[in-house]
Amino acid sequence: MQRGNDKTHVGWGRSFTALFTKTVLLLAGLAWCLPAPAARPVSFDHDVRPILKAACTHCHGEEETIAGGVDLRLRRFLLVEAESGEPAIVPGDPAASRLVQLIESGEMPQEGKPLKPEQIATIRSWIAAGAPVEAEEPEALPPGAFISAAERAHWSFQPIADPDVPDTASDERSRTEVDAFLLEQMRSNGLTFAPDADRATLLRRVTFDLTGLPPTPEELTAFLNDPADDAYERVVDRLLASPAYGERWARHWLDVAGYADSNGQVEADSLRPHAWRYRDYVVDSLNADKPWDLFLTEQLAGDELAGVVDGETQEAVLDPTRRELLVATGFLRTAPDGTGDRPADAILARNEVVAEQLKVVSSSLLGLTVGCAQCHDHRFDPITQADYYRLRAIFEPVFDTETWRNPAQRLCSLATPEDRAAAAEIEKQAAEIDADAKTMEKTFLDEIFEKEIVKLPEEDREPYREARATPKGEQTPEQQALIKKYPSALALYSLDLYDKEASNKVKARRAEATELRKTKPTEQFLRVALEVRDRLPETPLLHRGDPAQPKDVIAPGELSILAGPAVLPFEPAAVDGGSSGRRLAYARWLTSGDHPLLARVLVNRFWMHHFGEGLVASEGDFGLAGELPSHPALLDWLARRFMADGWRLKPLHRLLVTSTAYRQQARNRDAEKRDPDNRLLARWQVRRLDAESIRDAMLAVSNMLSSEQGGPALSVGRDDLGRIVIGQEQYNVNGDIVGIEGGEAKESRRSLYVLRRRSTPLTSLATFDAPTMLPNCEQRISSTVAPQSLFMLNDTFVLETSQAITTRLREEHAGDLRAQLTRVWLLLTSHEPTADDLNEGLGFVAEQAESLRQKHAAEAKPTADDAAPPDPQAEAVASYCQVLLSSSRFLYVE
């Protein structure tokens, strides 16, 4: 497809750049302009101790032997004379303090990076103020981690509160309880919500949010013409009932679950051909609005709910309910696992798989960076190395590094007894055909031999006959020499060399067996996480995380900062089937309603997917290094509401998307000045579509999107340009890639169903920041980089999509260019073009078409009788469609 002259593209490039610059200026904040909180004095627990813990206490307090006799865990220890004969600090005199001298000179810390200037300044300020301490400290501590009162008081480790909803009944902008909480904080800063967005903007926003697809022009017309007060609420209900809802929101959970269709970890990155069943389980669960307490319990311990252990799955997979529970355990098999691909160090690789899976579990459910405690106590959070292995011990029986099962060994067959019987009968029949073909071949070869042997000298014939009849391994040297002397007479192999016609008959007979075997029921498999019956492997604490240096055995349990009477001591759940019951007990504790983190982490993530940023901006880190919640009362109220609604997500969606906070427009000049980072949510935050929504929307507006759901992933391969595209790679005789069979525009299923190979992500998705699962993705980035513009200008998928949109426009509005351009605006932006937009588009198409006519005339060549002549106007319309696809009006949701 031609894309027009350089002048046209330069003009489009300038307009796109100008529009993008305006968007950046709108979104970017120069500084937080709200009144700053009153400054508090520098304190040991809040300011100094976290610095020392991150950089120093690993050697100075946490090891059995305290380096230099200097223990930096408590303020009182800093005043004790060390081996050098002087204390670490002199209260009131930073310059005389040995600690300051060492860190300013760079002598300490000896390992890791030097302290930053601002960290040193904090320590100096604290010492200058007399080195105050907030609370009474213990007289002594054993070597190891120490959790302070300040750490225990961290907001996310406290029970979820049940706050009252602020009274905003008199405010007409308050539609829901969500608005009430937000308005309370806005009022104290002299702000209120922006006006509501227009209906078209709101419909596009909520449709993309809930389904990942754009609204159709027909849906837009119906909504604009619906005068009912609850018109918007009914749109929300329609979208939540759409099958596309589960596909959209499954992608969010699959990100944090680390779902991929390949094993990763090593260069081979072998495929996981059966992983898709877990993906489909997630889609189906969300569409059914399965309660999240059940949804998560099934994923953590579905096998224990089903009463199934390794090697005893045949009966369970025949029961749809128990089979679904087994599929759910795919959550525990998402981490990179190359142990079946001959890793260099098998023991280390096994340990890495367990470590990566624990990262997935802890980040997705706890919102903590627990993995940082694998080798030593956490540098920031109150999570000890022993805590890490307590948590690991809960999951140890399902991984069991001592009796490891690689990915292929963790599959269970879905074949029914009827399938197995049918396959056995087919194999029996095929074997009979193979035997018949072998007999045919022997008969032909024997006939040939009788003809060939008469050509030998008479004295050699009988010895040769005996040599031929003797098995090769039993032949005497004389027999071997005789056969070597007359090789052409042997006629034991290669019927082709003697009689092509006879050989073809044998091949035809064998082909019958091959075709018959193809009729066997295809054996399908589940990827599952199962324990071995009655086996409880030990979990040693690994010194510095090294599996070759096991230390004390650790019992299963919750992180000590989170543990309470409900899980102290940790008691496994009673289960049938021979498994440990540990994971089921842990899942029940997580979803009991008493756990301080789970519900907060979940609703914060749901909020992020609707509003662009969580109430806790560090969605994957609720620890001490993470962000504080912008609206802590609202976060806890939402967590309580979510649990009170039976852990169902769809009611929470309705609550959030029907709020004024969600319905407001993106412009609020007062808020832009006072709250440029939009932490008070006094305006809508413009966001770029994610990678999958861009691709899916392009397929939808071009009428190419398939509605087919579920099933195996679409294959991907590298084409001759080096791009990763949908289709099967085609090779020449030298093994070089010469093409791709299929193609992205032809394989037009939603992006959710495209193969997610860690080493070769689809180019059209990777360009727009689709994550690579290493091991998972807690929060996507949204970049603006040059390759995105180049992709939209040059990639064949974009060109083919633009042509398909043009075909649709010409079919729907034949001969009416004005109607075609109006229609494409509705398809891509959910808004009609203004008069200026339309006139500019008409002028663009006319200019492009004329340029293309001249170009075709200059390049005119004889064409085949059945070849379609060039159509400059169709090419010009396609170029215009490509410009709109590349515009912020399509790529962003406002």
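Here the residue index of a chain counts from 1 through its sequence in written order. Two thresholds apply to this predicted model, a pLDDT of at least 70 for residue-level local features and 80 or more for giving and counting side-chain atom pairs, whereas whole-chain, interface and lining totals are computed over all residues. Note that the side-chain values use all heavy atoms of the structure and ignore hydrogens as well as water.

## Points about the overall build of the protein
Right, so step 1: Numbering of helices and strands starts at the N terminus; helices are DSSP runs of H or I of at least 4 residues and strands are runs of E of at least 2. From N to C terminus, the protein includes 34 helices and nine strands.
Right, so step 2: When its C-alpha atoms are laid out on the principal axes, the protein stretches across 120 × 80 × 55 Å.
Right, so step 3: Categorising residues by exposure relies on relative accessible area from a 1.4 Å probe, with only protein chains included: less than 20% of the type maximum marks a residue as buried, more than 50% marks it as exposed, and the intermediate range marks it as partly exposed. In the protein, buried positions account for 53% of the 894 residues.
Right, so step 4: Once local pairs closer than 6 in sequence are excluded, the contacts in the protein between residues at least 24 apart make up 71%.
Right, so step 5: Here the protein contributes 102 positive and 140 negative side-chain charges, whose respective centroids are spaced 2 Å apart. Pairs of residues are marked as contacts when any of their non-hydrogen atoms sit within 4.5 Å. The positive count covers Lys and Arg only, the negative count covers Asp and Glu only, and His and the chain ends enter neither. Throughout, a charge is located at the NZ atom of Lys, the CZ atom of Arg, the CG atom of Asp or the CD atom of Glu.

## Notes on the pattern of salt bridges
Any two side chains of opposite charge can pair if their charged atoms end up close together.
Right, so step 1: Any Lys or Arg side-chain nitrogen found within 4 Å of a carboxyl oxygen on Asp or Glu counts as a salt bridge. One pass over the structure, following the stated rule, counts 63 salt bridges.
Right, so step 2: Here Lys53 and Glu151 are joined by a salt bridge, their closest N and O atoms 3.1 Å apart. Here the residue Lys53 occupies a position in helix H2 (residues 44-55), and Glu151 occupies one in helix H6 (residues 149-152), the gap between them amounting to 98 residues. Residues Lys53 and Glu151 agree in their burial class; the two are buried.
Right, so step 3: Residue Arg234 is joined to Asp226 by a salt bridge in which the shortest nitrogen-to-oxygen separation is 2.5 Å.
Right, so step 4: Its relative accessible area of 38% is what places Arg234 among the partly exposed residues.
Right, so step 5: The exposure class assigned to Asp226 is buried, which follows from its relative accessible area of 18%.
Right, so step 6: Look at the salt bridges and you will find they share partners, linking Arg251, Asp255, Glu692, Arg756 and Arg780 into a network.

## Observations concerning the pairing of strand E7 (residues 724-731)
Right, so step 1: Sheet analysis places strand E6 (residues 716-718) next to E7, joined by three bridges and oriented antiparallel. Bridge pairing in E7 places Gly717 opposite Val725.
Right, so step 2: A pair of strands is considered paired only if DSSP assigns at least 2 bridges between the two. Here E6 folds back onto E7 in antiparallel fashion, the turn holding five residues, of which Gly722 has a positive phi close to 90°.
Right, so step 3: Two strands pair when backbone bridges link them, and E7 and strand E8 (residues 737-742) are joined in this way by five bridges, in the antiparallel orientation. Residue pairing across strands places Gln728 opposite Glu741, the latter belonging to E8.
Right, so step 4: Between E7 and E8, which pair antiparallel and follow one another directly, the connecting turn spans five residues, one of which, Gly735, has a positive phi of 85°.

## A look at the confidence of the model for the protein
Right, so step 1: Values of pLDDT, the confidence the predictor places in each residue, fall between 0 and 100. Residues of the protein with pLDDT of at least 70 account for 94%, and the chain-wide mean is 90.
Right, so step 2: Note that pLDDT drops below 50 for residues 1-38; the model gives that stretch 60 contacts with residues more than four away or on any other chain.

## Some thoughts on the nonpolar core
Note on soluble globular proteins: their nonpolar side chains tend to be buried together.
Right, so step 1: What is meant by a nonpolar core is a set of buried Ala, Val, Leu, Ile, Met, Phe, Trp, Tyr and Cys residues, joined one to another through side-chain atoms within 4.5 Å. Formed by 181 residues in total, the largest nonpolar core has its most connected members in Trp253, Trp292, Phe395, Trp607 and Leu638.
Right, so step 2: In terms of residues, this core owes the most to one element, helix H22 (residues 598-611), which gives eight residues.
Right, so step 3: Residue contacts for Leu638: discarding those within four places in its chain leaves Val178, Val603, Trp607, Leu615, Leu652, Leu655 and Leu656.

## Structural notes on the packing of helix H15 (residues 346-365) against H22
Right, so step 1: At a minimum axis distance of 8 Å, the contact between H15 and H22 shows a crossing angle of 80°. Taken together, H15 and H22 sit at an angle that is classed as roughly perpendicular. On H22, the residues that touch Ser363, Ser364 and Leu365 of H15 are Leu598, Val601 and Arg605. Here the axes come from fitting lines to C-alpha atoms, over the contacting stretch only for helices, and the angles between their N-to-C directions go from 0 to 180 degrees. Reported orientations rely on four angle classes, namely roughly parallel under 35 degrees, roughly antiparallel over 145, roughly perpendicular from 65 to 115, and oblique for the rest.

## Section: the environment of Ala846
Right, so step 1: Secondary-structure assignment places Ala846 in helix H32 (residues 835-858).
Right, so step 2: Taking C-alpha positions, Ala846 is 7.6 Å from Ala876, a pair spaced 30 residues apart along the chain.

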